[in-house]
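# Summary of the model geometry
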Amino acid sequence: MESALASLASLALRAWLVWSLQLVAPGYAEVTCSSCPWPARVRNTDVVQQLDHGFGPVVTLGKSWNRARAEFRPTALVLESAGEREWNSKVVGKTDGEVLQGDQPTSRRKRSGPGPDTATPSDERARSHGLLLDGHRASSDGRWSRDDGRASGSRLDDAKLTSSTFALAGDSAHNHAVVYWTGQNSSVILILTKLYDFHLGSVTESSLWRSMDYGSTYERLNDKVGVKTVLSYLYVCPTNKRKIMVLTDPEFESSVLISSDEGASYQKYRLSFYVLSLLFHPSQEDWALAYSHDQKLYSSFDFGRKWQLVHERVTPNRFYWSVSGLDRDADLVHMEAHTAEGQCQYMTCKAQACSESSRTFPFPSYIETNSLVVQDEYIVIQVTMAGRASYYVSYQREPFARIKIPKYSLPKDMHILSTDQGQVFAAVQEWNQNDTYNLYISDPRGVYFTLALENVKTTRGLGGNSMIDLYEVAGIKGMLIANRKVENQVKTYITYNKGRDWRLLQAPSTDLEGNEIYCVLPFCSLHLQLQMSENPYLSGSITTKSPVPGVIVATGNIGSELSYNNVGMFISSDAGNSWRQIFDEEHNVWFLDKGGALLAVKQPTVPTRHLWISFDEGRQWTRHSFSAMPLFVDGVLVEPGMDNQILTFFGHFSDRSEWQLIKIDYKSLFTKRCAEGDFQTWHLHNQGEPCVMGQKQIYMKRRPGLYCMLGKDSSRILSAEPCICRAHDFDDYGYERRGDGNCLPAFWFNPATVSRSCSLGQNYLNSTGYRKVAANNCTKGVKEMYTARKQQCPNRPPRGLHLATQDNKLTANLGSNVTFVVQLEEGDSLRTNIQLDFGDGTAVSYSNLSWTEEGIRHVYRSAGIFRVTALAENSLGFDSTSLYLHVTCPVEHVQLLAPFVVIKNKEVNLTAMVWPSHSRTVTYFWWLGNSTEPVITLEGSISYVFSAEGMNTVTVQVSSANSILQDTKTIAVQEFFKSLLLSFSPNLDEANPDIPEWRQDVGRVIKKALLQIADIPPEQLLVAVFPGIPTAAELFLLPSKNQSDARKRNEEDLEQISEILVSALNQNLVEFELKPGSRVIVYITQLTLAPLVDSIPRHSSSAMLMLLSVVFLGLAVFLIYKFKRYNNTSLQYTGSQCFCFPSSYRQKLPTTPAQVLRAPLPQSIFPYTTTTMLKAWSDLTNSLLIPLI
């Protein structure tokens, strides 16, 4: 039972360890090193920086690594070194100054527990708690040979591994530790331990330890950094390992501690910002860039003592120091920055003086966020237009050129894997791929890409990151191993010429027991796991080393496809031509003594006290004990290039034990230093073919089985003789190799296409369909026949003219600067005239395309939709293209004009008024009644028929530019109604703010005053106050809701109510109090033109229009007649029952229909009562209506 519980506890601890290691894996930087020995890792939103020689990921999109860190919290030891692999608490960085980042979880809260543990005196010199095994020696337990399966006696049976152990006393509660070796030939090791509180989600305690004797003893330095100081990250300067920078946890304080003596003493400096990541300069030891929590980039030129702001709104980890030999200024910074509007730009400026005038924008358009990659001679960015991604490259800081991938690959995603050896290696996920990528390799300029391998497998890690199963073998140029998906099976392939040719791996002929294995290609082969370890101090599933070219150690299986069951460990000593099995279960394997020996330890799922060492490339293994108790091995620190052969094991005995650091000196295993006679030659070949990458290469290797120590010179290549060029040394963009081995143009490729930069009188290289693979050293042979031929540039008409805006949008704000970009695919750019018509009456013309490289700017002074046309023309022809640009300005106000009451089943007009007025750039969304879908129009008015009585809500939304405004009105729908126009005493205008809420309140008060005059049901009255000044309103008399009442009775009731209200209004009986001492009198202005409005079919709209016309004509004739009879300055009454106005008032008469409805007419100008006038008006309209009916 106890053993079962111990086993469960160890498994849980192992799981915690894997999770914690996610925290120190590269987290933010989307940068790929030019040489990394591990498989290419593609991260969702983040790109990893890696070291050594090989492949690494570049640009990836997807889940945030911050979230991954929050999900997988630290509970176990994290191993780090500042030696050959500049790997720190977040990012594996290049020694020439890669992004270094912290390992803290993203969410933090205040600490509630006690402060750092201070029980151990800070000046206490810690001592080893005991030396392991007999007399300070770890014993050699035996030697195992894979050839006979027996332990064999040898000199190593008597050899001892000197070892000692150290426990971090007092830090048993700390669940996270980071170990740093400060550099090659240094005896200093630094360890930072931390207590991560899962409930608080933050680090609450920390301890800093330092060893000066390769890890034999350690000293706790808490008193030197501050007893209560909580530390978060520790960085070692890549160009001067004596300089250390330690950051405090910003939850407690934001400071940096600086040491110039390998961590012996520290100076503290306050920071005004929280550091999320650091980027050291590749050559200047005191220069560094710091990225803050609020997206600001800072620079320091005195190793962190003082900081100054470089730029704001910088994309995380999209900033790079200058590259020596390519950038003019050493302090130049390449960065991806955002504008205030959120657009992303590629920008450069000097870190010491990044003023607005000194900033430059090498790429004229906006770019995709998280796409900038600056690596070696290449700068790559992504632009998305109309949902399709395009990629651009700058070679040696020349102008950007569009990357040419085979036409119909249509990439969804692209990652730059490597830029070494003078070309770009990229992984592209095409439109029809989901879990695989295609590998492409470029020409030296990084513009033209050819297919290297299709359907390479990807795997997804614990943190949500994806990895491409591609591995570059260290020490041999052009040698790659990849896992490819073929007919739903994953198989391992190998190439020796950078992807030109691939083949399956030949399985071993015998197993560990010497039994013959029957595995026939292509039905059966060896398949390898190519995953990199999340912890760089565990070897991962495949290992190679530059000093021992041709030796490959990997985890794999034999069969028809890759499997993760029944796996073993395999080794090749001849660069993948033949393989041997060395273990029947997974091990971590490291190279010792510059690759002269192999160290193997079982996977850390179970504790162990043994290690295995081989001096003959895995043929024989000697077992050694390194610990008296079984240890959970969290990692091994192997530091090459030291005179003292020392390695350090990190781990723990149980989940409650203190951290154990075991120092092992394996120098005693060697008998002497290697002499000249201890080496032998080895010829690199590919299945017997001696020419690899165009040359015959001969290497020097230590003879297997010798126990001599290698010298400092790690060079192993003896000679390299060029080979005669053959067809497999060539490929080219746009060409495909057929079954007979010949290259022919792809169906989409036109070989006659000539670059637009090729001008008449100049020469260009016309491809033969073959291009020598970069870094291939073959000579003569078919080289002359396949080499591109020099030809004169022809004079040709322009073709493929493209026009776009700089930000790839078809909208622009009124008055803003719009930059147009004109591009030409074919034609003589120096002899082609370019004309651009902006569509607003202005146009420009340029004598050649070179004048338009920085874009053509224009400012539109009016809103609208403009057709912009570009024309390219020379003596042989022309080409043109157009785009339609929407120039808009935000809508500031919208008002819906609609009647308050309408007749059922009669068409009504609804109008939306917008300010400022727009022309064809506004979209109207009409929500009518209870409809769930809007009616969309480009005009500001709409006609609609309400088919049911009751109250209906109408809403209009106006969309222009990035703004949407709306207005809502409630409309009463009735079969018939009467209405009266109302006006008010002038004091109401003085209090009218002309807002909807005020009008609603005044309407409610007027209705209340009217109800006090007559006993009328409230639902039969509706008062609507008009917008504007002078204040006017309309009173609607609605029929009773009792449907049993006859229509005639309802009409009679409305007539009676109308007479009562008119009488009261004429007698000034309707009034309300606006405020104390200020009363407002309500007047009647006039009746609507039709005393009773109904839905009888005979009253058609055309008839009503004729009626109104006749009425107005009659009134005009009548008034003219009366004005001729009476003096304009007097008001007189005659028996004809008419009225006229004095000249003084005529000057104030309204001139528009809206003013007519709103203008009040004082009662004093009328010689008769309103009742008399209404009767005369009714008689007149009825007499005019009779002929129409």
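Rules used throughout
- Residues numbered from 1 in each chain as written.
- Predicted model: local features only at pLDDT ≥ 70, side-chain atom pairs only at ≥ 80, totals over all residues.
- Heavy atoms only, no water.
- UniProt positions renumbered as here; feature names shortened; annotations may be inferred.
- Buried < 20%, exposed > 50% of the residue type's maximum accessible area, 1.4 Å probe, protein only.
- Helix = DSSP H or I, 4+ residues; strand = E, 2+ residues; numbered from the N terminus.
- Pairing = 2+ DSSP bridges.
- Polar contact = N/O pair within 3.5 Å; in protein donor to acceptor, adjacent residues only side chain to side chain.
- Contact = heavy atoms within 4.5 Å.
- Core = buried A, V, L, I, M, F, W, Y, C linked by side-chain atoms within 4.5 Å.
- Axes fitted to C-alpha atoms, helices over the stretch in contact; angles between N-to-C directions.
- Disulfide = S-S within 2.5 Å.
- Patch = residues over 30% accessible without salt bridge, like charges linked within 9 Å, V, L, I, M, F, W, Y side chains within 5 Å.
- Areas by Shrake-Rupley, 256 points an atom, 1.4 Å probe, with all protein chains shown as cover.
- Salt bridge = Lys/Arg side-chain N within 4 Å of Asp/Glu carboxyl O.
- Expected span 1.5 Å × (residues − 1).
- Arc of directions from axis to C-beta.

Labelled according to an unreviewed UniProt entry, the protein appears under the name PKD domain-containing protein, originating from Pygocentrus nattereri. The record held by UniProt for the protein lists under Subcellular location (unreviewed entry) the comment "Membrane".

Take the pairing of strand 46 (residues 632-638) next. Taking burial as the measure, the seven residues of strand 46 include seven buried ones, the bulk of the element. By the bridge criterion, six bridges tie strand 46 to strand 47 (residues 646-652) in an arrangement that is antiparallel. Paired with G635 across the two strands is F650, which belongs to strand 47.

All right, on to the side chain of S292 then. Considering the arrangement of structural elements, one finds S292 in strand 18 (residues 288-292). With a relative accessible area of 0%, S292 lands in the buried category. Here D294 takes part through its side chain, which lies 2.3 Å from a polar atom of the side chain of S292. For S292, the residues in contact, after removing those within four places along its chain, are F273, Y274, L276 and Y298.

We now examine unusual backbone geometry. Of the consecutive residues W915 and P916, the connecting peptide bond is found in the cis state with omega at -10 degrees. With omega at 5 degrees, the peptide bond leading from I1029 into P1030 counts as cis. With respect to the element layout, P1030 can be found in the loop between strand 78 (1021-1025) and strand 79 (1032-1037). Phi is positive for F303, close to 55 degrees, though the residue is something other than glycine. On the basis of relative accessibility, which here comes to 1%, the residue F303 falls in the buried class.

Another point: the environment of G596. With respect to the helices and strands, G596 occurs in the loop between strand 42 (587-592) and strand 43 (597-602). Judged by its relative accessible area of 14%, G596 falls in the buried class. Sequence spacing of G596 and R703 is 107 residues, and the spatial spacing of their C-alpha atoms is 9.4 Å. Aside from chain neighbours lying at most four places away, what touches G596 is V548, F615, R702 and L710.

Looking at soluble globular proteins, one finds that nonpolar side chains tend to be buried together. Among the nonpolar cores identified, the biggest contains 29 residues, and F984, I1006, L1010, L1035 and L1061 are the most heavily contacted of them. For this core, the element with the highest residue contribution is helix 7 (residues 1047-1066), accounting for six residues. Setting aside residues up to four positions removed in sequence, L1010 forms contacts with L1021, V1023, L1035, L1061, L1065 and V1070. If you look at the next biggest cluster of nonpolar residues, it comprises 26 residues, including I481, L530, V692 and Y699.

Pairing is mixed in the open sheet, where five strands are placed in the order 62-68-67-64-65. Each edge of the open sheet carries a strand with a single partner, namely strand 62 (811-813) and strand 65 (843-846). Ignoring which end each strand starts from, the neighbouring axes of this sheet average 25 degrees apart. With four bridges connecting them, strand 64 (residues 833-837) and strand 65 associate as antiparallel partners. Pairing of Q835 across the sheet is with S845, part of strand 65.

It is worth spelling out the environment of V553 at this point. Secondary-structure assignment places V553 in strand 39 (residues 552-559). Its relative accessible area of 2% is what places V553 among the buried residues. Separated by 25 residues in the primary sequence, V553 and L528 place their C-alpha atoms 9.7 Å from one another. If we skip the residues at most four places from it in the chain, V553 touches S541, I542, T543, M569, F570, I571, I582, V589 and L598.

Turning next to the side chain of S277. Along the chain, S277 falls in strand 17 (residues 275-280). By relative accessible area, S277 is classed as buried at 1%.

On to the sheet that holds strand 72 (residues 923-928), then. By definition, the strands of a sheet pair up through backbone hydrogen bonds, in either a parallel or an antiparallel sense. Taken in spatial order, the five strands line up as 70-76-75-72-73 in an open sheet, and their pairing is mixed. A single partner strand is all that each edge strand has here, and the edge strands are strand 70 (901-903) and strand 73 (935-937). The average angle at which neighbouring strand axes cross in this sheet is 30 degrees, direction not considered. Bridging between strand 75 (residues 950-960) and strand 76 (residues 963-974) involves 11 bridges; their strand directions are antiparallel.

On to the state of the cysteines. The full count for this structure, using the stated rule, is five disulfides. In this model C349 forms its disulfide with C354; the gap between the sulfur atoms is 2.0 Å. Because the torsion about its S-S bond is -95 degrees, the bridge between C349 and C354 counts as left-handed. Here C674 is linked by a disulfide to C708, with a sulfur-sulfur distance of 2.0 Å. Its torsion about the S-S bond being 85 degrees, the disulfide of C674 and C708 is classed as right-handed. With a gap of 34 residues between them, C674 in the loop between strand 49 (672-673) and strand 50 (679-683) and C708 in strand 53 (residues 708-709) connect regions that are remote in the sequence. Take C674: its relative accessible area is 17%, and that puts it in the buried class. Note on C708: relative accessible area 2%, which makes it buried.

Attention now goes to a nonpolar patch on the surface. A contiguous nonpolar patch, built from L897, M913 and W915 and spanning about 260 Å² of accessible area, is present on the exposed surface. Inspection of the secondary structure puts W915 in strand 71 (residues 907-915). Residue W915 is classed as partly exposed on the basis of its relative accessible area of 38%.

Helix length check: helix 6 (residues 996-1013) (18 residues) gives 26 Å between terminal C-alpha atoms against 26 Å at 1.5 Å per residue, within 8%. Those residues of helix 6 that sit buried are W998, R999, V1002, G1003, I1006, A1009 and L1010. All buried residues of helix 6 project into a common sector of 130 degrees when viewed along the axis, lining one side. Exposed positions of helix 6 whose direction lies more than 90 degrees from the buried face are Q1000, R1004, K1008 and Q1012.

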